[in-house]
Amino acid sequence: MATAAANGGQTERVGYITRIQSFSACHRLHSLGLSDEDNIKVFGKCNNPNGHGHNYKGLMFKSFIDAVTGMVMNLTDLKMYIEDVIMTPLDHKNLDKDVPYFANVVSTTENLAVYIWDNMVKVLPTDTLYEIKIHETDKNIVVYRGE
């Protein structure tokens, strides 16, 4: 619900912005809680011991449109946050071997979305992250909203 803004009683407006950010990473879908045989049954070819890769992309943010700047978020700041939280730790990495979070968490795209959410909320202004939407492929898309 919109509220009166400090500038002349105008109603605050909520805006949504999407920043399409691509990064490449490889992983192996393998659960330590399953036997090797069950991992093959559950994850199929994605359980290949040598892994496989994806070109991931996507993010979405929401906030009040600032009455002074006219922006939901300064895109220069957003680029910096994305570089620190996504690009540096994930781009061109083996998720299972290079990202400590995935040492005991299956590196599904769902869990990747949770990882990105948990780390983005630490650096973003309060209540600006709306959802993490990751396109694993053109046909496989995961949405996570912090729930």
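See the structure shown above.
About the cut-offs
Residues numbered from 1 in each chain as written. Predicted model: local features only at pLDDT ≥ 70, side-chain atom pairs only at ≥ 80, totals over all residues. Heavy atoms only, no water. Helix = DSSP H or I, 4+ residues; strand = E, 2+ residues; numbered from the N terminus. Contact = heavy atoms within 4.5 Å. Polar contact = N/O pair within 3.5 Å; in protein donor to acceptor, adjacent residues only side chain to side chain. Pairing = 2+ DSSP bridges. Axes fitted to C-alpha atoms, helices over the stretch in contact; angles between N-to-C directions. Parallel < 35°, antiparallel > 145°, perpendicular 65-115°, else oblique. Left-handed = near helix turned anticlockwise from the far one by under 90°. Nonpolar A, V, L, I, M, F, W, Y, C, P; charged D, E, K, R; others polar.

> Whenever I open this one, the environment of Asn111 confuses me. Can you help?
Within the element layout of this structure, Asn111 appears in helix α4 (residues 109–123). Asn111 sits 33 residues away from Tyr144 along the chain, and the two C-alpha atoms are 9.3 Å apart. Apart from the residues within four sequence positions on either side, Asn111 is in contact with Tyr101, Phe102, Val105 and Val106. Engagement of the side chain of Asn111 in a polar contact is seen with the backbone oxygen of Val106, the distance being 2.8 Å.

> So what exactly am I meant to see when it comes to the pairing of strand β4 (residues 60–64) here?
In the case of a regular strand, side chains alternate between the two sheet surfaces. Where strand β1 (residues 14–18) lies against β4, five bridges are found, and the strand directions are antiparallel. For Tyr16, the partnering residue across the bridge sits in β4 and is Lys62. Note that β4 and strand β6 (residues 129–135) share two bridges and pair antiparallel. If you follow Met60 over to β6, its bridge partner there is Glu131.

> Teacher, can you tell me more about the environment of Met87 here?
With respect to the helices, strands and loops of the structure, Met87 is situated in helix α2 (residues 75–90). Along the backbone, Met87 and Phe23 are 64 residues apart, and their C-alpha atoms lie at a distance of 6.7 Å. Residues within four places of Met87 in sequence aside, it is in contact with Gln21, Ser22, Phe23 and Ile82.

> Where do I start with the packing of α2 against α4 in this structure?
Each packed pair of helices is defined by two parameters, the angle between the axes and the distance between the axes. Between α2 and α4, whose axes approach to 10 Å, the crossing angle comes to 140°. Between α2 and α4, the interaxial angle falls into the category oblique. In this structure, α2 meets α4 at a crossing whose hand is right-handed. Every residue of α4 that contacts α2 at Leu78, Tyr81, Ile82, Val85, Ile86, Pro89 and Leu90 is listed here: Leu112, Tyr115, Ile116, Asn119, Met120 and Val123. Residues of the contact of α2 with α4, tallied by class, amount to 12 nonpolar, one polar and no charged.

> What exactly am I supposed to notice about unusual backbone geometry here?
When glycine is set aside, most residues are seen to have a negative phi, and most peptide bonds are trans. Within the chain, His92 stands out as a residue other than glycine whose phi angle is a positive 60°. Turning to its location among the elements, His92 is positioned in the loop between α2 and β5 (93–94). The backbone of Asp127 shows a phi angle near 60°, a positive value even though the residue is not glycine. Positionally, Asp127 belongs in the loop between α4 and β6.

Note that every value here comes from positions in space, so none of it alone points to a role or purpose.
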